[in-house]
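Residues per chain, in single letters:
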Amino acid sequence: MSVDLTKLKELRERTNSGFLDCKNALEETNNNIEEAIQWLQEKGIVKAAKKSGRIAAEGIVRTHIEGNSAILFELNSETDFVAKNQLFIDLSNKIAQKLIETKFETEEDLKSIIIDGMTIEENCNSLTAKIGEKITFRRAIKYEAQADEVVAGYTHANNRVAVIAIAKGQDQESLRHLTMHIAALNPAYIFEKDICEVELKGIHEKIDADPKLNGKPEKIQQSMKAGMLRKEFVDKGVLMYQPFVMDDSKIVSKFLEDSKLKLLCAKRFEVGEGIEKKTVDFATEVAEQMKM
């Protein structure tokens, strides 16, 4: 049967699906728009399922701040090229807005969030079918400030690194500068207490046994130990002891003190961190694409 060109145009506009997919859908459903949409959705589920075993380690991380709430999340694709696709960007915007409006703590909470009548996973599967690459929503966290607290965030221009933080105090701009520091220097620990107890004990034992302390008065020893401890914490990548990236004449803890801020928590996401990426030669990649 011939395809109604007016309906073909409408179907493409409503679904953002490709020309051939829309043409086939209308042929299969006798030019019935609603049935064609359902046909495309079912076809999309199949196409997305075929891609489920593929690795999506590119994409974006980003923050979103509104009032006393800050969210940080990661949305993955197989290539960084797709992360610049407008449909991918549109989905990330919808996810950001929904997360800022929704209370969530666990993965189960995230799985139950509905956007445009579908879960986030279903939205990702639908986009997978349209774009042709596996799209996955990986993770998200949220900080909500109380009356005496403030939240801030920073997303780097390439959308590959993002940070949110919460602190007691009111200086949001200074807290944002701290998130920029964390994005740039990627501290291994936020506070010294985050170092495991055994490792922390070893650091103190190493300092106590340093021969440079021998014969020194107690007051001098304590001053030397404090300096050695600061150096150890800098070497370990503890945020509070790092020279502040915007003014290296002071360490981060001093910058926060001057800003009348007490840091409570901070989190940094980087695209694809912790995901094992599969290396595939070009010939194998082409062969796999031919099977899709």
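For the structure, see preceding data.
Residues numbered from 1 in each chain as written. Predicted model: local features only at pLDDT ≥ 70, side-chain atom pairs only at ≥ 80, totals over all residues. Heavy atoms only, no water.

Quick notes on the overall build of the protein
A tally of helices and strands in the protein yields eleven helices and ten strands. Expressed as a percentage of the 292 residues in the protein, the buried residues total 40%. Considering only contacts in the protein between residues 6 or more positions apart, those separated by 24 or more positions represent 61%. (Helix = DSSP H or I, 4+ residues; strand = E, 2+ residues; numbered from the N terminus. Buried < 20%, exposed > 50% of the residue type's maximum accessible area, 1.4 Å probe, protein only. Contact = heavy atoms within 4.5 Å.)

Some details on a nonpolar patch on the surface
Together, L185, V245 and M246 give the surface a local cluster of nonpolar side chains, amounting to about 240 Å² of exposed area. By the element assignment, V245 lies in the loop between strand 8 (243–244) and strand 9 (247–251). Assessed through its relative accessible area of 42%, V245 is described here as partly exposed. (Patch = residues over 30% accessible without salt bridge, like charges linked within 9 Å, V, L, I, M, F, W, Y side chains within 5 Å. Areas by Shrake-Rupley, 256 points an atom, 1.4 Å probe, with all protein chains shown as cover. Salt bridge = Lys/Arg side-chain N within 4 Å of Asp/Glu carboxyl O.)

Comments concerning the pattern of salt bridges
Summed over all chains, the structure comprises 17 salt bridges. For E74, the salt bridge is made with R138, and the minimal N-O distance between the two is 3.1 Å. With E74 in strand 2 (residues 69–77) and R138 in strand 5 (residues 136–144), this residue pair connects regions lying 64 residues apart in the sequence. On the basis of relative accessibility, which here comes to 0%, the residue E74 falls in the buried class. Residues K254 and D258 are paired through a salt bridge, measuring 3.2 Å at the closest nitrogen-oxygen approach. Placement of both K254 and D258 in helix 10 (residues 252–258) is noted, with a separation of four residues, approximately one turn of the helix. On the basis of relative accessible area, K254 is assigned to the partly exposed category, the value being 35%.

A closer look at the packing of aromatic side chains
A complete count under the given rule lists three aromatic pairs for this structure. Between the aromatic rings of F73 and F137, the centroid separation amounts to 6.3 Å while the plane-to-plane angle is 35 degrees, which identifies the pairing as tilted. Remark: F137 occurs in strand 5 and F73 occurs in strand 2; sequence separation between them is 64 residues. For the pair F73 and F137, one class covers both residues: buried. (Phe/Tyr/Trp six-rings, centres within 6.5 Å; stacked < 30°, edge-to-face > 60°.)

Focus on the sheet that holds strand 1 (residues 58–66)
Spatial strand order, 1-2-5: three strands in an open sheet with antiparallel pairing. This sheet does not close on itself; its edge strands, each paired only once, are strand 1 and strand 5. The mean angle between the axes of side-by-side strands here comes to 10 degrees, regardless of whether they run parallel or antiparallel. Here strand 2 runs beside strand 5; their pairing, made up of eight bridges, is antiparallel. Of the residues in strand 5, the one forming a bridge with I71 is K142. Helix 4 (residues 86–101) rests against strand 1, strand 2 and strand 5 of the sheet, and its axis sits at about 150 degrees to strand 2. (Pairing = 2+ DSSP bridges. Axes fitted to C-alpha atoms, helices over the stretch in contact; angles between N-to-C directions.)

Focus on the side chain of S69
Topologically, S69 is positioned in strand 2. Given a relative accessible area of 6%, S69 falls into the buried group. For S69, the side chain forms a polar contact with the side chain of E144, separated by 3.5 Å. Beyond its immediate sequence surroundings of up to four residues, S69 is in contact with H64, I100, K142, Y143, E144 and V151. (Polar contact = N/O pair within 3.5 Å; in protein donor to acceptor, adjacent residues only side chain to side chain.)

Focus: the side chain of S259
By secondary structure assignment, the location of S259 is in the loop between helix 10 and strand 10 (262–270). Residue classification places S259 among the buried residues on the basis of a relative accessible area of 13%. Separated by 3.4 Å, the side chains of S259 and S174 make a polar contact. In this structure, S259 is in contact with D171 and S174, ignoring residues within four places of it in sequence.

Brief notes about unusual backbone geometry
It is generally the case that most residues other than glycine have a negative phi and that most peptide bonds are trans. With phi around 45 degrees, N186 is a residue other than glycine that occupies positive phi space. Considering the arrangement of structural elements, one finds N186 in the loop between helix 7 (172–185) and helix 8 (197–208). For K260, which is not glycine, the phi dihedral falls at a positive 55 degrees. On the secondary structure map, K260 appears in the loop between helix 10 and strand 10. Look at K260 and you get exposed, because its relative accessible area is 69%.

A short note on helix 2 (residues 19–28)
Along an α-helix, residues three or four positions apart point the same way, because every turn accommodates 3.6 residues. Taken together, the buried positions of helix 2 are D21, C22, A25 and L26. Projected down its long axis, helix 2 carries its buried residues within an arc of 130 degrees, all on one side. In helix 2, those exposed residues whose orientation departs by more than 90 degrees from the buried face are L20 and E28. Residue N30 follows helix 2 closely and has a positive phi angle near 55 degrees. (Arc of directions from axis to C-beta.)

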